[in-house]
Amino acid sequence: MKNEVTVWLADYIENQGLSADDISKRLNIPKEKLILGTREYLIADEFLRLCFYLQIDPQIIPIN
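What you see is a predicted model, and the numbers here were worked out from it, not measured in a lab. (Residues numbered from 1 in each chain as written. Predicted model: local features only at pLDDT ≥ 70, side-chain atom pairs only at ≥ 80, totals over all residues. Heavy atoms only, no water.)

Engineer: Account for the nonpolar core, naming residues and giving values.
Structural biologist: One finds L9, I23, L34, F47, L50, L54 and I61 to be the most contacted residues of the largest nonpolar core, which totals 15 residues. Secondary-structure elements contributing two or more residues to this core are α1 (3-15), α2 (20-27) and α3 (44-54). Not counting residues within four places of it along the chain, the set of residues in contact with I23 comprises I13, L18, N28, L34, L50, Y53 and L54. (Core = buried A, V, L, I, M, F, W, Y, C linked by side-chain atoms within 4.5 Å. Buried < 20%, exposed > 50% of the residue type's maximum accessible area, 1.4 Å probe, protein only. Helix = DSSP H or I, 4+ residues; strand = E, 2+ residues; numbered from the N terminus. Contact = heavy atoms within 4.5 Å.)

So, in structure tokens, the structure goes:
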């Protein structure tokens, strides 16, 4: 999965005022993948769980 998707989701989490710590604990995804400025990558399973949790249709996420 491209890093730009991970960055987009981290930005979304920040802009919505959500807690990366809380999401990390609930979904068992490393916090480092959920914060602005991340260089980490979400694996497909993490990406899908995060989209489901945030109620985001994965198709709306822009990929260049």
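Picking up where we left off.
Engineer: Account for the packing of α1 against α3, with residues named and values stated.
Structural biologist: For the pair α1 and α3, the least separation of the axes is 12 Å and the interaxial angle reads 25°. With respect to α3, the axis of α1 lies roughly parallel. In this structure, α1 meets α3 at a crossing whose hand is left-handed. On the side of α1, the interface is formed by V5, L9, Y12 and I13, while α3 contributes F47, L50 and L54. Tallied by class, the residues present in the contact of α1 with α3 amount to seven nonpolar, no polar and no charged. (Axes fitted to C-alpha atoms, helices over the stretch in contact; angles between N-to-C directions. Parallel < 35°, antiparallel > 145°, perpendicular 65-115°, else oblique. Left-handed = near helix turned anticlockwise from the far one by under 90°. Nonpolar A, V, L, I, M, F, W, Y, C, P; charged D, E, K, R; others polar.)

Engineer: Quick rundown of the side chain of K33? Include the residues and the values.
Structural biologist: Relative to the helices and strands, K33 is located in the loop between α2 and α3. Assessed through its relative accessible area of 12%, K33 is described here as buried. One polar contact links the side chain of K33 to the main-chain carbonyl oxygen of Y41, over a distance of 3.1 Å. Here E46 takes part through its side chain, which lies 2.8 Å from a polar atom of the side chain of K33. If near-sequence neighbours (up to four positions away) are discounted, K33 is found in contact with T6, T38, E40, Y41, L42, I43 and E46. (Polar contact = N/O pair within 3.5 Å; in protein donor to acceptor, adjacent residues only side chain to side chain.)

The values reported here are purely geometric and, on their own, carry no functional implication.
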